Amino acid sequence: CQHLERIVNDIRDSVVYVQSHDGNGDRDAIVEEVIKQNVLNSVEKILDSSQTIRQLVDSQEIGIIGGKYDVTTGKTEFYYESARGFSLEEIQFVR
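Read on for a plain summary of the structure. (Residues numbered from 1 in each chain as written. Predicted model: local features only at pLDDT ≥ 70, side-chain atom pairs only at ≥ 80, totals over all residues. Heavy atoms only, no water.)

A closer look at the pairing of strand β2 (residues 75–84)
On any regular strand, side chains alternate: one points to one face of the sheet, the next to the other face.
Here is step 1 of the chain: Relative to β2, strand β1 (residues 64–70) runs antiparallel, the two being bridged by six bridges. Bridge pairing links Y69 to T76 in β2.
Here is step 2 of the chain: A loop of four residues connects β1 with β2, the two strands running antiparallel in sequence, and G74 in this loop sits at a positive phi of about 75 degrees. (Pairing = 2+ DSSP bridges. Helix = DSSP H or I, 4+ residues; strand = E, 2+ residues; numbered from the N terminus.)

Thoughts on the pattern of salt bridges
Here is step 1 of the chain: Throughout the structure, instances matching the rule amount to seven salt bridges.
Here is step 2 of the chain: Between K36 and E81 there is a salt bridge, and its shortest N-O distance comes to 2.7 Å. With K36 in helix α2 (residues 27–49) and E81 in strand β2, the pair connects residues that are 45 residues apart, well separated along the chain.
Here is step 3 of the chain: For K36, a relative accessible area of 24% puts it in the partly exposed group.
Here is step 4 of the chain: Sharing partners across several salt bridges, the network here consists of R6, D10 and K45. (Salt bridge = Lys/Arg side-chain N within 4 Å of Asp/Glu carboxyl O. Buried < 20%, exposed > 50% of the residue type's maximum accessible area, 1.4 Å probe, protein only.)

Overview of a nonpolar patch on the surface
Here is step 1 of the chain: A contiguous nonpolar patch, built from L4, I7, V8, I11 and V15 and spanning about 360 Å² of accessible area, is present on the exposed surface.
Here is step 2 of the chain: Mapped onto the elements of the fold, V15 is located in helix α1 (residues 4–22).
Here is step 3 of the chain: For V15, a relative accessible area of 30% gives the class partly exposed. (Patch = residues over 30% accessible without salt bridge, like charges linked within 9 Å, V, L, I, M, F, W, Y side chains within 5 Å. Areas by Shrake-Rupley, 256 points an atom, 1.4 Å probe, with all protein chains shown as cover.)

Considerations on the packing of α1 against α2
Here is step 1 of the chain: Look at α1 against α2: their axes get within 8 Å of each other, and the N-to-C directions meet at 120 degrees. Compared by their axis directions, α1 and α2 come out oblique. As for how α1 packs across α2, the hand of that crossing is right-handed. Across the interface between the two elements, D10, I11, D13, S14, V15, Y17 and V18 of α1 pack against I30, E33, V34, Q37, N38, N41 and K45 of α2. (Axes fitted to C-alpha atoms, helices over the stretch in contact; angles between N-to-C directions. Parallel < 35°, antiparallel > 145°, perpendicular 65-115°, else oblique. Left-handed = near helix turned anticlockwise from the far one by under 90°. Contact = heavy atoms within 4.5 Å.)

Written out as structure tokens, the structure reads:
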């Protein structure tokens, strides 16, 4: 995969961030924090990489929210702190 190195580097950045801020938990807690941080970073990278998406989000014409899909349960956990382009009422509705 031509994008594998970039993906691995993005995950590595999340690992380094979590270790420097709260790397003292148990393994499962650290893995969950790395996943969450990677999602938060991905939302910001999407906004930083596209002026068009950024403008649409800033004007609340579209919204973006990060989440984690669990392939074993089929459920998605949304990270509401990553939400951009939504009003508080819209975020409450999604919950």
